[in-house]
Amino acid sequence: MWLSAAEIALESEREQLGSWVPVALSLGIAAWFALPGPWSWAVWMAGCCGFAIASLMLAAGSRMQRAFLLIAIAAALGCALMWGKALLMGERPITRAAFVEVRGRVLAVNTIQAQDMVRLIVAPEPRRTDLPERIRVNVKNIDMVSGLGPGALLSFRSRLMPPAPPAVPGAYDFAQRAYFMGIGASGRALAPIHIIEPAVPASVAIRQRLSDHILARLGGGEGAIAATLATGDTGAISQADADAMRRSGLAHLLSISGLHVSAMIGGVIFLLLRIFALSRRLALRLPLLAVAAGGGALAGVGYTLLTGAEVPTVRSCVAALLVLAGLALGRDSIGIRLIAAGAIVVLVLWPESLVGPSFQMSFMAVIVLVSLSEAQWFRRLTMARDEARWRKWLRALTALFITGLAVEAALMPIALYHFHQSGMLGAFANLIAIPLTTFVVMPAEAAALFLDIVGLGAPLWWIVGKALGLLLVVAHFAAAQSAGVVAVPGFSDGPFVAALMGLLWVMLWRTRVRLLGLVPLGLGSVLILLAPAPDILVTGDGRHMAVRGSDGRMMLLRGRAGDYVRDTLGSVAGEGLPMSGADADAMPALAESPQARCNPELCAVDVQDGGRSWRILATRSAQRVPWKAFVKDCANADIVVSDRRLPRGCIPRWLKLDRAALSRSGGAAIYLGSRTITTVRPSGDTHPWIVPPAVYVPHTKSASSDDAFRDDTARPKASPQTPPQL
């Protein structure tokens, strides 16, 4: 009975079945990232093949049989595709930090003006076995030398490190991204930097020259955003403006995607049609729409290459090319199947992009837009009709607001998963920002760049500056509203996947069966909003620890920790990312809390949770600590944290997170109420970007194998300080 009902439902949705192919492909790719190693990946593919074979038992030629067979094969191919690319294209990181002399060729230069530095991608020459094929180094502006650019051959000294893994569970994983970028080490180039062969001036990238030109014509935050819209280079945007754009829900304007590509292609087609129509001969003899579509396609491809060919831009360009092909053939090609085709192209070429926020947000946003455009009630709202002008404008604003609200709601689970916060006023901010960017900023900027050829672009640059100034005012106003941002602590993959699959189910189907997607969507959303906040966060190097105090705020072990540490720990803890220049006491030092007792070497704190008191002890310096007193304090503590390798005699009641343990697990999030621990690196994880922990060979001359700890029965105390008594 249920088989017949399912067959009828699938038959009524036959036009939508193809849109689930990239979803199944994505499941296979996601399985490769989620599962720990080769055996589990092989089991996944074998299970998919078994499911495909089992589907052959269904009625031959039925919709259900073909759907299950196609989904199973696509899920297996997704895992195999990701596995193959990881083996063939990735770059394994170096195993440990080291000072090295580097001689190499500069492959790329990225100027980050907001941080007063330049980021280089360097390929060592000649090829060295102790270095990866590519390394990324930062060069401070004060250390810059003439002749440094793409193609330059240079030498310098640097302390190279493996690309950084997430500091704590839920934080940004640069190690994973660097692996697929071919970067096996990162560091800072130390002065002096010697230029062996200078870069050829003509080799400076067009993208960089265009960005420099825009910044010269338009300064401040307006110029930085104008350069981003033209080239995709976000290096000049200040942290304050970036924070405001993100918190206000306008960060999508800084990522070159569908809005920008569509505006570029649409503008070129409009201009070509008007220019060709000036000639009667061309208008009568040529298919002007097809010719203009070809010109728009060339402009779209060129714009994509100019802005760095990031995933959202490639996706938008592929989709635009399919739309233009449909227009040239006289067909309406805008639909979910178009988005599915673009997703398949991106996933086949860049399968690793699936787990990044850029891919997820760009495709989810465009799926929402297409689903809305196909809804009958939305079509009735937006259809052309003979009415007063003010009614047309009112309907247009209403449609824009509904679109912004729908996109904001659909992107919220993704933003909360990756960034742990999401703007709530994005729909209102986009009511101003999207028309302003589409109809004022981008056309005026394009015209200004064109008129700069003859030196007449100044008036248009003034318009661009005023429009972008208004955009920044809107962004900062929306970001400053305390009710405009929702923040949650880091949460597991399960609720996130449930919410996404529910959203896709609702948007990809067209009949009433779509309502079933509300169940996983609602369940995942509730679990996300109710995710428990960690009580203790420990970074992977053990240097930084955040403990939740009695007032609910996180307190830092090292009060002088930098902004990156504060932002990372604060966001994962559910406190949200503070605006640049916000109160630095948002995460006070642990030593200032009445719950803690600290001296220069150690810090002890009592935390009430789960109906009992927990005692946490942490080291905070590299000074020697009296052996007997320290071992006694370890025995009285429930949790001990240290950036050093603690001696075997230190045995806390529950958990010891020292250098040796953290090298195996990575950073940790501890939930005292449920007595659970989440780590960056699950046991058995063998993904290729993970640096294996160093093997420690203990000393045999002392019961304490760390020189920082001394047995005071054999040696005098090196410091009059005594550990805090618990």
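We now turn to the structure provided with this report. Since this is a predicted model, take the numbers as computed values, not measurements.

**Points about the overall build of the chain**
Inference 1: Secondary structure assignment for the chain yields 23 helices and 19 strands.
Inference 2: Looking at the chain alone, contacts between residues at least 24 apart form 65% of all its contacts between residues at least 6 apart.
Inference 3: Working note: accessible area of the chain is about 35,200 Å², and carbon and sulfur atoms make up 64% of it.

**Some words on the side chain of Asp241**
Inference 1: Its place among the elements puts Asp241 in helix α8 (residues 239–247).
Inference 2: Apart from the residues lying within four places of it in its own chain, the contact partners of Asp241 are Gly221, Leu472 and His476.

**Observations concerning the environment of Ala199**
Inference 1: Within the secondary structure, Ala199 sits in the loop between β5 (185–197) and α6 (206–217).
Inference 2: With 45 residues separating them along the chain, Ala199 and Leu154 place their C-alpha atoms 9.8 Å apart.
Inference 3: Leave out the neighbours within four places in its chain, and Ala199 touches Gly147, Leu148, Gly149, Pro150 and Ala152.

**Concerning the pairing of strand β9 (residues 545–548)**
Inference 1: Of the two faces of β9, the one holding Met545 and Val547 and the one holding Ala546 and Arg548 are both buried throughout.
Inference 2: Bridge count between strand β8 (residues 536–538) and β9: 3 bridges; the pairing is antiparallel. Note that in β9 the partner of Ile536 across the bridge is Val547.
Inference 3: The loop that links β8 with its antiparallel partner β9 comprises 6 residues; one of these, Gly542, has a positive phi angle of about 75°.
Inference 4: Judged from the 3 bridges that link them, β9 and strand β10 (residues 554–556) form a sheet pairing that is antiparallel. Bridge assignment links Val547 to a residue of β10, and that residue is Met555.

**Some details on a nonpolar patch on the surface**
Inference 1: A grouping of Phe439, Val440, Trp462 and Ile463 is seen on the molecular surface, where their side chains present a nonpolar patch of about 440 Å² in accessible area.
Inference 2: Contributing elements (two or more residues each) for the nonpolar patch: α17 (426–451) and α18 (458–480).
Inference 3: With respect to the secondary-structure elements, Phe439 resides in helix α17.
Inference 4: Since its relative accessible area comes to 64%, Phe439 is described here as exposed.

**Focus on the nonpolar core**
Inference 1: In this structure, Trp32, Phe180, Met364, Ile367 and Trp689 are the most contacted members of the largest nonpolar core, which totals 61 residues.
Inference 2: A per-element tally of this core places helix α14 (residues 357–374) first, with 9 residues.
Inference 3: Those residues within four positions of Met364 in sequence are excluded, and the remaining contacts are Ala410, Leu411, Ile414, Leu500, Leu503, Leu504 and Met507.
Inference 4: With 31 residues, the next largest nonpolar core counts Ile225, Leu229, Ile237 and Ala433 among its residues.

**Some words on the packing of aromatic side chains**
In this description, a pair of aromatic rings is defined by centroid distance and the angle of the planes.
Inference 1: The full count for this structure, using the stated rule, is 19 aromatic pairs.
Inference 2: Aromatic ring contacts, followed pair by pair, group Trp32, Phe33, Trp41, Trp83, Tyr179, Phe180 and Trp689 into a single cluster.
Inference 3: Here the guanidinium or amino end of Arg612 rests over the ring plane of Trp614, the centre of that ring lying 4.0 Å away.

**Comments concerning the state of the cysteines**
Inference 1: Summed over all chains, the structure comprises 2 disulfides.
Inference 2: The disulfide partner of Cys598 is Cys603, and the S-S distance across this bridge is 1.6 Å.
Inference 3: Taking the relative accessible area as the measure of exposure, Cys603 reaches 1% and is therefore buried.
Inference 4: A sulfur-sulfur distance of 2.1 Å marks the disulfide that ties Cys634 to Cys650. Note on the Cys634 and Cys650 pair: the S-S dihedral is about -85°, so by sign convention the disulfide is left-handed.

**As for the side chain of Thr539**
Inference 1: Secondary-structure assignment places Thr539 in the loop between β8 and β9.
Inference 2: Using a relative accessible area of 6% as the deciding quantity, one classes Thr539 as buried.
Inference 3: Polar contacts involving the side chain of Thr539 include one to the side chain of Asp541, which spans 2.7 Å.
Inference 4: If near-sequence neighbours (up to four positions away) are discounted, Thr539 is found in contact with Ala167, Val168, His544, Leu569, Leu662 and Gly667.

**Focus on the packing of helix α16 (residues 389–419) against α17**
Inference 1: α17 packs onto α16 with a crossing angle of 125° between their chain directions and a minimal axis gap of 8 Å. The angle between the axes of α16 and α17 places the two elements in the oblique class. Helix-helix and strand crossings are classified by hand; for α16 and α17 the assignment is right-handed. Two secondary-structure elements touch here, α16 through Leu397, Leu400, Phe401, Gly404, Leu405 and Glu408 and α17 through Gly426, Ala427, Phe428, Asn430, Leu431 and Pro435.
Inference 2: Among the residues forming the contact of α16 with α17, the class breakdown is 8 nonpolar, 3 polar and 1 charged.

**A short note on the environment of Thr382**
Inference 1: By secondary structure assignment, the location of Thr382 is in helix α15 (residues 376–382).
Inference 2: When the C-alpha positions of Thr382 and Ala399 are compared, they lie 6.9 Å apart, and in sequence the two are 17 residues distant.

**Here's the deal with unusual backbone geometry**
Inference 1: Omega for the bond connecting Glu125 with Pro126 falls within 30 degrees of zero, at -5°, which places this linkage in the cis form.
Inference 2: Looking at where Pro126 falls in the secondary structure, it is placed in the loop between β2 (117–124) and β3 (135–140).
Inference 3: With an omega of 0°, the peptide bond between Ala191 and Pro192 qualifies as cis.
Inference 4: With a phi close to 65°, His420 is a non-glycine residue in the positive phi region.
Inference 5: Structurally, the position occupied by His420 is in the loop between α16 and β6 (421–423).

Conventions used here
Residues numbered from 1 in each chain as written. Predicted model: local features only at pLDDT ≥ 70, side-chain atom pairs only at ≥ 80, totals over all residues. Heavy atoms only, no water. Helix = DSSP H or I, 4+ residues; strand = E, 2+ residues; numbered from the N terminus. Contact = heavy atoms within 4.5 Å. Areas by Shrake-Rupley, 256 points an atom, 1.4 Å probe, with all protein chains shown as cover. Buried < 20%, exposed > 50% of the residue type's maximum accessible area, 1.4 Å probe, protein only. Pairing = 2+ DSSP bridges. Patch = residues over 30% accessible without salt bridge, like charges linked within 9 Å, V, L, I, M, F, W, Y side chains within 5 Å. Salt bridge = Lys/Arg side-chain N within 4 Å of Asp/Glu carboxyl O. Core = buried A, V, L, I, M, F, W, Y, C linked by side-chain atoms within 4.5 Å. Phe/Tyr/Trp six-rings, centres within 6.5 Å; stacked < 30°, edge-to-face > 60°. Lys NZ or Arg CZ within 6 Å of the ring centre and 35° of its normal. Disulfide = S-S within 2.5 Å. Polar contact = N/O pair within 3.5 Å; in protein donor to acceptor, adjacent residues only side chain to side chain. Axes fitted to C-alpha atoms, helices over the stretch in contact; angles between N-to-C directions. Parallel < 35°, antiparallel > 145°, perpendicular 65-115°, else oblique. Left-handed = near helix turned anticlockwise from the far one by under 90°. Nonpolar A, V, L, I, M, F, W, Y, C, P; charged D, E, K, R; others polar.

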